[in-house]
Amino acid sequence: MKDQNKQRPEDVYQLLCDTLDKRKIRYDKSGTELLVKFEMAGKSMPIRILMMVDKERSLLKLLSPLPFAVPENKRLDMTLAVNALNNQLPEGNFDYEYASGRLCFRIASCFKDCEIAAAVPEYLLFLAGVVVDRFNDKLRMFSEGAVSLEQLLNGKDK
């Protein structure tokens, strides 16, 4: 591939910031780390978003940590639930740290040897908004024993 087809990490970061500016999303910016932090409104709770450019791996990454920790007595159940839930997702996944009980939605797009389109940050935001908003409250309720695994996976209320 020619170098002219490669996009610099700083250009991808600028594209990300331009996308957020167009959507009138207020964000905290850390230019040296190529990282932005912000919140989007969700149906039941705010959706926290961190988006960053990983220079070493040529990735535009989105992380959305959920605002609760799974109680110790439900952590094994949550391990099974997250595995089953991730198998249903078209893209992205929930990362789950058993020791802390923390969940985080993660999705990324690679720009190695190519140019990332302006629609890519929009798509990552859209998908994160849909997936996190659909499952954040259900995952919290599952961790509290308020919904079953079947209700979590099928999206049905108790």
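Residues numbered from 1 in each chain as written. Predicted model: local features only at pLDDT ≥ 70, side-chain atom pairs only at ≥ 80, totals over all residues. Heavy atoms only, no water.

### Some words on the pattern of salt bridges
Oppositely charged side chains are able to pair whenever their charged atoms sit close together.
Reasoning step 1: Applying the stated criterion across every chain, the model contains 10 salt bridges.
Reasoning step 2: The shortest N-O distance in the salt bridge between glutamate 10 and arginine 8 comes to 3.8 Å.
Reasoning step 3: Taking relative accessible area as the criterion, glutamate 10 reaches 33% and is therefore assigned partly exposed.
Reasoning step 4: Residue arginine 8 pairs with aspartate 11 through a salt bridge whose shortest N-O separation is 3.4 Å.
Reasoning step 5: Judged by relative accessible area, arginine 8 falls into the partly exposed class, the value being 49%. (Salt bridge = Lys/Arg side-chain N within 4 Å of Asp/Glu carboxyl O. Buried < 20%, exposed > 50% of the residue type's maximum accessible area, 1.4 Å probe, protein only.)

### A closer look at the sheet that holds strand S6 (residues 102–110)
Reasoning step 1: Overall, antiparallel pairing links the 6 strands, which are arranged S1-S2-S3-S4-S6-S5 in an open sheet. Both edges of this open sheet fall to strand S1 (28–30) and strand S5 (93–97), since each of them pairs with a single strand only. The mean angle between the axes of side-by-side strands here comes to 25 degrees, regardless of whether they run parallel or antiparallel.
Reasoning step 2: In terms of strand pairing, S1 meets strand S2 (residues 35–40) through 3 bridges, oriented antiparallel. The residue bridging aspartate 28 from the neighbouring strand is lysine 37, located in S2.
Reasoning step 3: Strands in contact with helix H1 (residues 9–22) are S1, S2, strand S3 (47–54) and strand S4 (59–69); relative to S2, the strand with the most contacts, it is inclined by about 20 degrees.
Reasoning step 4: Strands S5 and S6 of the sheet are contacted by helix H2 (residues 75–88), whose axis makes an angle of about 160 degrees with S5. (Pairing = 2+ DSSP bridges. Helix = DSSP H or I, 4+ residues; strand = E, 2+ residues; numbered from the N terminus. Axes fitted to C-alpha atoms, helices over the stretch in contact; angles between N-to-C directions. Contact = heavy atoms within 4.5 Å.)

### Some words on the pairing of S5
Reasoning step 1: Residue alternation in S5 divides its side chains into a buried set, Phe94 and Tyr96, and an unburied set, Asn93, Asp95 and Glu97.
Reasoning step 2: Relative to S6, S5 runs antiparallel, the two being bridged by 5 bridges. Its bridge partner lying in S6, aspartate 95 is registered against cysteine 104.
Reasoning step 3: Where S5 hands over to S6, the hairpin turn is made up of 4 residues, of which glycine 101 adopts a positive phi near 75 degrees.

### Here we look at the side chain of serine 58
Reasoning step 1: Locating serine 58 in the fold gives a position in the loop between S3 and S4.
Reasoning step 2: By relative accessible area, serine 58 is classed as buried at 14%.
Reasoning step 3: Excluding its chain neighbours within four sequence positions, the residues that come into contact with serine 58 are Ser109, Cys110, Phe111 and Lys112.

### Topic: the confidence of the model for the protein
Reasoning step 1: Of the residues in the protein, 94% reach a pLDDT of 70 or more, and the chain-wide mean stands at 92.
Reasoning step 2: By mean pLDDT, the top-scoring element of the protein is S5 (98), and the lowest-scoring one is S1 (90). (pLDDT = per-residue confidence, 0-100.)

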